[in-house]
Amino acid sequence: MKNFLFLPIIALILFSCNSEDVTLGDRYFDQGDFQQAIEAYNEYLKLQPTHVKSIYNRGRAKEELGNFEQALIDFQQVLKIDGKNVNAFLSIGNYHYRKDNFDVAAYNFEQAVENNDSNADAHFLWGKALHKLGRFPEAMEQLNLALSLDQELGEAYLSRGVLFLANGRTRRACSDFMKAKALDVRDASGAVDSYCR
């Protein structure tokens, strides 16, 4: 009888410790101590190896440390567990975008949109990748959708402005550059100075 009472108490203690590890990992991440965050997530994942949030956050911590290949492995592991995880698709897409693999990046951003059509960042990133692939009308469509979902997404204004400029629509480009500048987007001031004076 004593053993029956003892087992739930041990399980509760282990679960509480695990929850603290996740919280600790998140706390380290928020403080910018990414190596400690990784260690805390590793400890938690020893007992909960399929905890998607911890695997993803560990990947993000690795990414912050510049360990992009290791981060990619975590993001891919997330998709093996949760094949519709929007954050994993976005992170994998960003990995390939940094590597100039724009077709693979676009595919992953598209998957993110298909799994959450109301995600402004997914539309924006897909639009950027489509722009790099020379698919300008589709890129414009995605940037428009991103801005319809989030009018504070300054990077999308900057990207759309570049597309307008490429199509000879300087006035529309400058309007977007000014909006991006007002939202403190890096490079927006340079765009305004170069094309809107």
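See the structure above.
Now for a description of the structure that goes with this document. (Residues numbered from 1 in each chain as written. Predicted model: local features only at pLDDT ≥ 70, side-chain atom pairs only at ≥ 80, totals over all residues. Heavy atoms only, no water.)

### Re the nonpolar core
For step 1, the next point in the chain: Grouped together as the largest cluster of nonpolar side chains are 46 residues, with contacts concentrated most on Leu90, Phe109, Phe124, Leu153 and Leu158.
For step 2, the next point in the chain: For Phe109, the contacting residues outside a window of four places in its chain are Leu90, Gly93, Asn94, Tyr97, Ala122, Leu125, Trp126 and Ala129.
For step 3, the next point in the chain: Ranked by size, the runner-up nonpolar core spans five residues in total, among them Phe34, Ala37, Tyr41 and Ala61. (Core = buried A, V, L, I, M, F, W, Y, C linked by side-chain atoms within 4.5 Å. Buried < 20%, exposed > 50% of the residue type's maximum accessible area, 1.4 Å probe, protein only. Contact = heavy atoms within 4.5 Å.)

### Structural notes on the environment of Asn116
For step 1, the next point in the chain: Within the secondary structure, Asn116 is located in the loop between α6 (102-115) and α7 (120-132).
For step 2, the next point in the chain: For Asn116, a relative accessible area of 28% corresponds to the partly exposed category.
For step 3, the next point in the chain: Side-chain polar atoms of Asn116 contact the side chain of Ser118, separated by 2.8 Å. (Helix = DSSP H or I, 4+ residues; strand = E, 2+ residues; numbered from the N terminus. Polar contact = N/O pair within 3.5 Å; in protein donor to acceptor, adjacent residues only side chain to side chain.)

### Let's talk about the pattern of salt bridges
For step 1, the next point in the chain: For the coordinates displayed, the defined rule picks out eleven salt bridges.
For step 2, the next point in the chain: Between Arg60 and Glu64 there is a salt bridge whose closest N-O contact spans 2.9 Å. Taken together, the residues Arg60 and Glu64, both in helix α3 (residues 52-64) and four residues apart, mark about one turn of the helix.
For step 3, the next point in the chain: With a relative accessible area of 40%, Glu64 lands in the partly exposed category.
For step 4, the next point in the chain: In this structure, Asp74 and Lys62 form a salt bridge, with 3.1 Å as the shortest nitrogen-oxygen distance. With a gap of twelve residues between them, Asp74 in helix α4 (residues 68-81) and Lys62 in helix α3 connect regions that are remote in the sequence. The same class applies to Asp74 and to Lys62, which are both buried.
For step 5, the next point in the chain: Where salt bridges share partners, they join Arg60, Glu63, Glu64 and Arg98 into one cluster. (Salt bridge = Lys/Arg side-chain N within 4 Å of Asp/Glu carboxyl O.)

### Structural notes on the packing of aromatic side chains
For step 1, the next point in the chain: Applying the stated criterion across every chain yields a total of four aromatic pairs.
For step 2, the next point in the chain: Consider the rings of Phe29 and Phe34, whose centres lie 5.1 Å apart with planes at 70°: the pair is edge-to-face.
For step 3, the next point in the chain: The exposure class assigned to Phe34 is buried, which follows from its relative accessible area of 16%.
For step 4, the next point in the chain: Geometrically, the ring pair formed by Tyr97 and Phe102 is edge-to-face, given 5.1 Å between the ring centres and 70° between the ring planes. (Phe/Tyr/Trp six-rings, centres within 6.5 Å; stacked < 30°, edge-to-face > 60°.)

### Considering the packing of helix α9 (residues 154-166) against helix α10 (residues 170-182)
The relative placement of two packed helices is expressed as an angle between their axes plus a distance between the axes.
For step 1, the next point in the chain: Interaxial distance between α9 and α10 falls to 8 Å at its minimum, and their mutual angle equals 160°. Classified by the angle between their axes, α9 and α10 sit roughly antiparallel to one another. When the axes of α9 and α10 are compared, the crossing they make is left-handed. For the pair α9 and α10, the contacting residues are Gly154, Tyr157, Leu158, Arg160, Gly161, Val162, Phe164 and Leu165 in the first and Thr170, Arg172, Ala173, Asp176, Phe177, Lys179 and Ala180 in the second.
For step 2, the next point in the chain: When the residues that make up the contact of α9 with α10 are grouped by side-chain class, the tally is eight nonpolar, three polar and four charged. (Axes fitted to C-alpha atoms, helices over the stretch in contact; angles between N-to-C directions. Parallel < 35°, antiparallel > 145°, perpendicular 65-115°, else oblique. Left-handed = near helix turned anticlockwise from the far one by under 90°. Nonpolar A, V, L, I, M, F, W, Y, C, P; charged D, E, K, R; others polar.)

### Regarding helix α11 (residues 188-195)
For step 1, the next point in the chain: Residues Ala188, Ala191 and Val192 constitute the buried set of α11. End-on view of α11: buried residues confined to an arc of 100°, all on one side of the axis.
For step 2, the next point in the chain: Those residues of α11 that are buried lie in contact with α9 and α10. (Arc of directions from axis to C-beta.)

### Description of helix α8 (residues 136-149)
For step 1, the next point in the chain: The first and last C-alpha atoms of α8 sit 20 Å apart over 14 residues, in line with the 20 Å expected at 1.5 Å per residue.
For step 2, the next point in the chain: For α8, the set of buried residues is Ala139, Met140, Gln142, Leu143, Ala146 and Leu147. For α8, the arc enclosing every buried residue in end-on projection is 165°, short of the 170-degree limit, so these residues lie on one face. Exposed and facing more than 90 degrees away from the buried side of α8 are Pro137 and Ser148. (Expected span 1.5 Å × (residues − 1).)

### Regarding unusual backbone geometry
For step 1, the next point in the chain: For Asp100, which is not glycine, the phi torsion reads 65° and is therefore positive.
For step 2, the next point in the chain: Relative to the elements of secondary structure, Asp100 occurs in the loop between α5 (86-98) and α6.
For step 3, the next point in the chain: Positive phi outside glycine occurs at Asp187, with the angle close to 80°.

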